[in-house]
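Breakdown of the fold
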Amino acid sequence: MASYILIPMDAETQENHLKAYGLTYWVLEKELKVKWLLNYRGGAFLMPDTEEVRRECQIRGVSFEVLSDAKSESILAEIESPSRNQDAVILEKAPKIAVYSPKGNQPWDDAVTMVLTYAEIPYETVYDEEVLSDELLLYDWLHLHHEDFTGQYGKFYGAYRATPWYIREKQDAEAMAAKLGYEKVSQEKLAVARKIRDYVVGGGFMFAMCSATDSFDIALSADGVDICEPMFDGDPSDAAYQSRIDFSNTFAFTDYMLERNPMIYEFSSIDMTSKRSVVSRDTDYFTLMEFSAKWDPVPTMLCQNHTAIIKGFMGQTTAYDPNTIKPTVLIMATNKVNGEARYIHGIKGKGFFTFYGGHDPEDYQHRVGDPKTELELHPTSPGYRLILNNVLFPAARKKKQKT
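A brief report on the enclosed structure follows. (Residues numbered from 1 in each chain as written. Predicted model: local features only at pLDDT ≥ 70, side-chain atom pairs only at ≥ 80, totals over all residues. Heavy atoms only, no water.)

As for the state of the cysteines
Considering all chains together, one arrives at 0 disulfides under this definition. For the unlinked cysteine Cys228, the closest cysteine sulfur is that of Cys210, found at 19 Å. The exposure class of Cys228 is buried, given its relative accessible area of 1%. (Disulfide = S-S within 2.5 Å. Buried < 20%, exposed > 50% of the residue type's maximum accessible area, 1.4 Å probe, protein only.)

Focus on the side chain of Thr317
Its place among the elements puts Thr317 in the loop between β11 (309–311) and β12 (330–335). Using a relative accessible area of 0% as the deciding quantity, one classes Thr317 as buried. Among the polar contacts made by the side chain of Thr317, one reaches the side chain of Asp214 at a distance of 2.9 Å. Contact partners of Thr317, with chain neighbours within four places excluded, come to Cys210, Ser211, Thr213, Asp214, Asp271, Thr273, Gly357 and Gly358. (Helix = DSSP H or I, 4+ residues; strand = E, 2+ residues; numbered from the N terminus. Polar contact = N/O pair within 3.5 Å; in protein donor to acceptor, adjacent residues only side chain to side chain. Contact = heavy atoms within 4.5 Å.)

Observations regarding the sheet that holds strand β10 (residues 285–288)
Pairing between sheet strands relies on hydrogen bonds along the backbone, with the strands arranged either parallel or antiparallel. Reading across from one edge, β7-β6-β8-β9-β14-β13-β12-β10-β11 is the order of the 9 strands in this open sheet, with mixed pairing throughout. What marks the edges here is a single partner per strand, and that holds for β7 (124–126) and β11. Put simply, the sheet's adjacent strands are angled 20° from each other on average, direction ignored. In this sheet, strand β14 (residues 351–356) lies alongside strand β13 (residues 340–348) in antiparallel orientation, the contact comprising 6 bridges. Within the sheet, the bridge partner assigned to Ile347 lies in β14 and is Phe352. Across the sheet, helix α9 (residues 211–221) is in contact with β8 (141–144), β9 (205–209) and β14; its angle to β9 comes to roughly 115°. Packing against the sheet, helix α12 (residues 382–392) makes contact with β6 (97–100), β8, β9, β10, β11, β13 and β14, and its axis sits at approximately 170° to β14. (Pairing = 2+ DSSP bridges. Axes fitted to C-alpha atoms, helices over the stretch in contact; angles between N-to-C directions.)

A short note on the environment of Thr283
By the element assignment, Thr283 lies in the loop between α10 (230–233) and β10. Residue Thr283 is classed as partly exposed on the basis of its relative accessible area of 41%. Among the polar contacts made by the side chain of Thr283, one reaches the side chain of Ser280 at a distance of 3.0 Å.

Structural notes on the environment of Thr324
If you trace the backbone, Thr324 turns up in the loop between β11 and β12. Separated by 67 residues in the primary sequence, Thr324 and Met257 place their C-alpha atoms 9.4 Å from one another. Setting aside chain neighbours within four positions, we find Thr324 in contact with Ala252, Phe253, Thr254, Asp255, Tyr256, Ser269 and Ile270. Side-chain polar atoms of Thr324 contact the backbone oxygen of Asp321, separated by 2.7 Å.

Some details on the packing of helix α8 (residues 185–201) against α9
For the pair α8 and α9, interaxial distance at closest approach is 9 Å and the crossing angle is 105°. By the angle between their directions, the pair α8 and α9 is classed as roughly perpendicular. Across the interface between the two elements, Leu190, Ala193, Arg194, Ile196 and Arg197 from α8 touch Phe216, Ala219 and Leu220 from α9. Counted by class, the contact of α8 with α9 contains 6 nonpolar, no polar and 2 charged residues. (Parallel < 35°, antiparallel > 145°, perpendicular 65-115°, else oblique. Nonpolar A, V, L, I, M, F, W, Y, C, P; charged D, E, K, R; others polar.)

Re the nonpolar core
Nonpolar side chains in soluble globular proteins generally cluster together in the buried interior. Residues Ile7 and Phe45 are the most contacted members of the largest nonpolar core, which totals 62 residues. Among the elements that line this core, the one with the most residues is helix α1 (residues 17–29), at 8 residues. Setting aside residues up to four positions removed in sequence, Ile7 forms contacts with Gln14, Ala20, Leu23, Ala44, Phe45, Met47, Cys57, Val62, Ser63 and Phe64. (Core = buried A, V, L, I, M, F, W, Y, C linked by side-chain atoms within 4.5 Å.)

Section: the pattern of salt bridges
Evaluated as defined, the whole model comprises 25 salt bridges. With a shortest N-O distance of 3.0 Å, Lys189 and Asp128 are connected by a salt bridge. With Lys189 in helix α8 and Asp128 in helix α5 (residues 128–132), this residue pair connects regions lying 61 residues apart in the sequence. Here Lys189 matches Asp128 in class, with each residue buried. With its nearest N and O atoms 3.1 Å apart, the salt bridge here joins Asp233 to Lys184. Placement of the pair is Asp233 in helix α10 and Lys184 in the loop between α7 (164–179) and α8, with a sequence separation of 49 residues. As far as burial versus exposure is concerned, Asp233 and Lys184 are alike and both buried. Overlapping salt bridges, with partners in common, bring together Lys184, Asp226, Asp233 and Asp235 in one network. (Salt bridge = Lys/Arg side-chain N within 4 Å of Asp/Glu carboxyl O.)

Topic: the packing of aromatic side chains
By the definition in use, this model includes 28 aromatic pairs. Look at Tyr100 and Phe149: their rings are 5.5 Å apart centre to centre, the planes differ by 25°, and that puts the pair in the stacked class. Placement of Tyr100 in strand β6 and of Phe149 in the loop between β8 and α6 (157–160) is noted, with a sequence separation of 49 residues between them. On the accessibility criterion, Tyr100 (0% relative accessible area) is buried. Each residue in the set Tyr100, Tyr127, Phe149, Phe216, Phe251, Phe253, Tyr320, Phe353 and Phe355 is aromatic and connected to the rest through ring pairs, giving one cluster. Of note, Lys19 hangs over the ring of Tyr118, and the distance from its end group to the ring centre comes to 4.6 Å. If you follow Arg342 out to its NZ or CZ, it ends over the ring of Phe313, 4.9 Å from the centre. (Phe/Tyr/Trp six-rings, centres within 6.5 Å; stacked < 30°, edge-to-face > 60°. Lys NZ or Arg CZ within 6 Å of the ring centre and 35° of its normal.)

Function cannot be read off these values alone, since they describe shape.
Shown next, in the form of structure tokens:
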């Protein structure tokens, strides 16, 4: 009699890696426990065998194997061997997910909402009003949409200031700030960033991509300092504001120089987008670091994949200059040609954060107005798998330290 279902996650046997995460999330919602087999067949999932689970695998197009008790025990014993860089982590509860995003955005405006929708993982959208009302306490995991927390409207001024969408979004942001009792958008966004910081410090899980990563840290570091030029907030920036930046307030970054020119589509020296002269599209790949599954289960979970080499993709914030990353932050993937960090993780208080450079793992140079990515064409995307690793990460049972 079969007792377990194995969801393999290797390149050879899994036909839809992304849907496999949604299947695993669905099983957790049924209050069944799942074992995440780290570094075993691409990070496979082992779950109880039921007719309902088998049927759901077939409906979703997820490859699965039916195992006997004896075979399952043999696999787990093999994984437990000290000679193998593998481990089995128990996933206990489906995390409640929030996406910080403007209400009018479509799911395809953001890689995370796109892959959550494709994988059939439920999420709720929150924005400034909900965050400032402490509604983040209702959620286990928070994604920051491609937001600009500095009040500079994404630094789109140089190229798009005359376009209707830019004018409308600026007006909407100003109206939201006024409604919430703030004189400036930068002040209102700082208040939101502080609430998000408190959520993480209190034990929350935060994941961010592209410009949400560096603009979040920049906003926190500029607390009490006006870094916005007149076209953004109606008055001049503070004189010599660079010298007043407080890097102790940030999550991940330090010792960066802010970009003062409003015509330049860049926030600071954190981002490597303009420093990639040696990187061409044909050679743009980044490599996942290998960690000890038994001793470093967190980064191992976050790096589970069916390949260690992933094709690169750009964004407003494409990658991070390692010289601006705090020594307490873990670099989990690098572009070795350019020496840049692509995927980083850290601890803040009782919580965790992960920053992932770039906009869309299957759209190399996403531009305003480009068509959406059809994930049906990329069901095994390793770049998107990294996002979904973070989604399941909060479901893991915390292990006692071995030392």
